[in-house]
Amino acid sequence: MPDPRLSDLKRWLDPPKGGLWHGGPSVFGATRGVHAAQAAWRPAPGRHSIWELVLHLAYWKYAVRNRILQGPRGRFPRKPADWPAQPEIVEDGAWKADVALLKSEHTALLGVVEEFDAGRLDDVWGGAEHWTFMDLLSGVVLHDTYHVGQIQLIKRLYRDHG
């Protein structure tokens, strides 16, 4: 019998058209309609922008995929890796390219999860002392959910800031 946890992880990473029970947007639903100036806006000095959150999410999808594959990591196309900087020049083309990077990394991660052997979910992954592949995969789902909430809040703050 297949492990239902893997099916759940796939559904949470790539929600069905009607969405999940909580009604919140997916990572892509949260960025839909956001323009470059809005994406680059910071709610306060030293706080992250939507743009930085999108790049951070893209990086962690890349990192989780590489940890699952346990192969050479290559390089993430933006720097610094974990919290890539948004461009100094704010333009819609650059914003759309970074949203496309997120979509590309998301699609690549989904492909790896689709091929993942559910029998390995409880195995400890290569670079960890005690974290399993289940921890890694559920963690990326929770990470998305956390940062989507931040994006939604920043969108509302942007709208209300004047």
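Calculation criteria
Residues numbered from 1 in each chain as written. Predicted model: local features only at pLDDT ≥ 70, side-chain atom pairs only at ≥ 80, totals over all residues. Heavy atoms only, no water. Helix = DSSP H or I, 4+ residues; strand = E, 2+ residues; numbered from the N terminus. Contact = heavy atoms within 4.5 Å. Salt bridge = Lys/Arg side-chain N within 4 Å of Asp/Glu carboxyl O. Buried < 20%, exposed > 50% of the residue type's maximum accessible area, 1.4 Å probe, protein only. 1 Å grid on protein atoms, 1.4 Å probe; cavity = no way out; pocket = protein on both sides within 12 Å on 5 of 7 lines; lining within 4 Å. Points joined across faces, edges and corners; volume = space filled by probe spheres on them. Nonpolar A, V, L, I, M, F, W, Y, C, P; charged D, E, K, R; others polar. Core = buried A, V, L, I, M, F, W, Y, C linked by side-chain atoms within 4.5 Å. Axes fitted to C-alpha atoms, helices over the stretch in contact; angles between N-to-C directions. Parallel < 35°, antiparallel > 145°, perpendicular 65-115°, else oblique. Expected span 1.5 Å × (residues − 1).

Enquirer: Can you help me understand the environment of Leu137 in this one?
Expert: Position of Leu137 among the secondary structure elements: in helix 6 (residues 133-160). For Leu137, the residues in contact, after removing those within four places along its chain, are Leu9, Val64, Ile68, Val113 and Leu121.

Enquirer: How should I be thinking about the pattern of salt bridges in this particular structure?
Expert: It is possible for side chains of opposite charge to pair when their charged atoms get near one another. Tallied over the entire structure, the rule returns 9 salt bridges. Lys10 is the salt-bridge partner of Glu114, the closest N and O atoms lying 3.5 Å from each other. Of the two residues, Glu114 sits in helix 5 (residues 92-115) while Lys10 sits in helix 1 (residues 4-13), which places them 104 residues apart along the sequence. Among the salt bridges present, the one from Asp160 reaches Arg159, with a minimum N-O distance of 3.0 Å. Note on Arg159: relative accessible area 56%, which makes it exposed. Where salt bridges share partners, they join Asp3, Arg5 and Asp122 into one cluster.

Enquirer: Even after reading the chapter, I still don't get the layout of surface pockets, so can you show me in this structure?
Expert: If a probe as big as a water molecule is rolled over the atoms, it shows which places are left empty. Taken as a whole, the largest pocket holds about 560 Å³ of empty space. Lining the largest pocket are 24 residues, with Trp12, Pro15, Leu20, His22 and Pro25 positioned closest to its centre. At the level of secondary structure, the elements contributing two or more residues to the lining of the largest pocket comprise helix 1, helix 2 (27-31) and helix 6. Among the elements that line the lining of the largest pocket, the one with the most residues is helix 6, at 8 residues. Counted by class, the lining of the largest pocket contains 12 nonpolar, 9 polar and 3 charged residues. Of the voids in this model, the second largest pocket is the one considered here, and its volume is about 160 Å³. Forming the boundary of the second largest pocket are Pro43, Arg47, His48, Leu53, Trp83, His147, Gln150, Leu153, Ile154 and Leu157. Looking at which element gives the most residues to the lining of the second largest pocket, the answer is helix 6, with 5 residues. Classifying every residue of the lining of the second largest pocket gives 6 nonpolar, 3 polar and 1 charged.

Enquirer: Is there a simple way to explain the nonpolar core in this structure?
Expert: Nonpolar side chains in soluble globular proteins generally cluster together in the buried interior. Membership of the largest hydrophobic core comes to 27 residues, with the highest contact counts inside it found for Ile50, Trp51, Trp95, Leu102 and Ile151. For this core, the secondary-structure elements that each account for two or more residues are helix 2, helix 3 (36-40), helix 4 (50-69), helix 5 and helix 6. Per element, the largest residue contribution to this core is 10 residues, and it comes from helix 4.

Enquirer: Explain the packing of helix 4 against helix 6 to me, please; I cannot follow it from the model alone.
Expert: The angle between the axes and the distance between the axes are what describe a pair of packed helices. Packing of helix 4 against helix 6 leaves a shortest axis separation of 10 Å and a crossing angle of 175°. Between helix 4 and helix 6, the angle is such that the two are roughly antiparallel. Contacts between helix 4 and helix 6 pair Ile50, Leu53, Val54, His56, Leu57, Trp60, Lys61, Val64, Arg67 and Ile68 from the former with Phe133, Leu136, Leu137, Val140, His143, Asp144, His147, Gln150, Ile151, Ile154 and Lys155 from the latter.

Enquirer: Looking at this model, I keep getting lost on helix 4. Mind explaining?
Expert: An α-helical turn contains 3.6 residues, so any two residues separated by three or four positions project in the same direction. Taking 1.5 Å of rise per residue, 20 residues should cover 28 Å, and helix 4 covers 29 Å from first to last C-alpha, within 8% of that figure. Most of helix 4 sits inside the fold, with 18 of its 20 residues counted as buried. Within two residues after helix 4, Gln70 carries a phi angle of roughly 50°, on the positive side.

Enquirer: Mind showing me how you'd approach unusual backbone geometry here?
Expert: Across the chain, the bulk of peptide bonds are trans and the bulk of non-glycine residues have phi less than zero. The omega angle of the peptide bond from Lys79 to Pro80 is -15°, so this bond is cis rather than trans. Turning to its location among the elements, Pro80 is positioned in the loop between helix 4 and helix 5.

Enquirer: Would you mind showing me how to read the side chain of Gln38 here?
Expert: Along the chain, Gln38 turns up in helix 3. The exposure class of Gln38 is buried, given its relative accessible area of 10%. Contact partners of Gln38, with chain neighbours within four places excluded, come to Gly33, Ile50, Lys155 and Tyr158.

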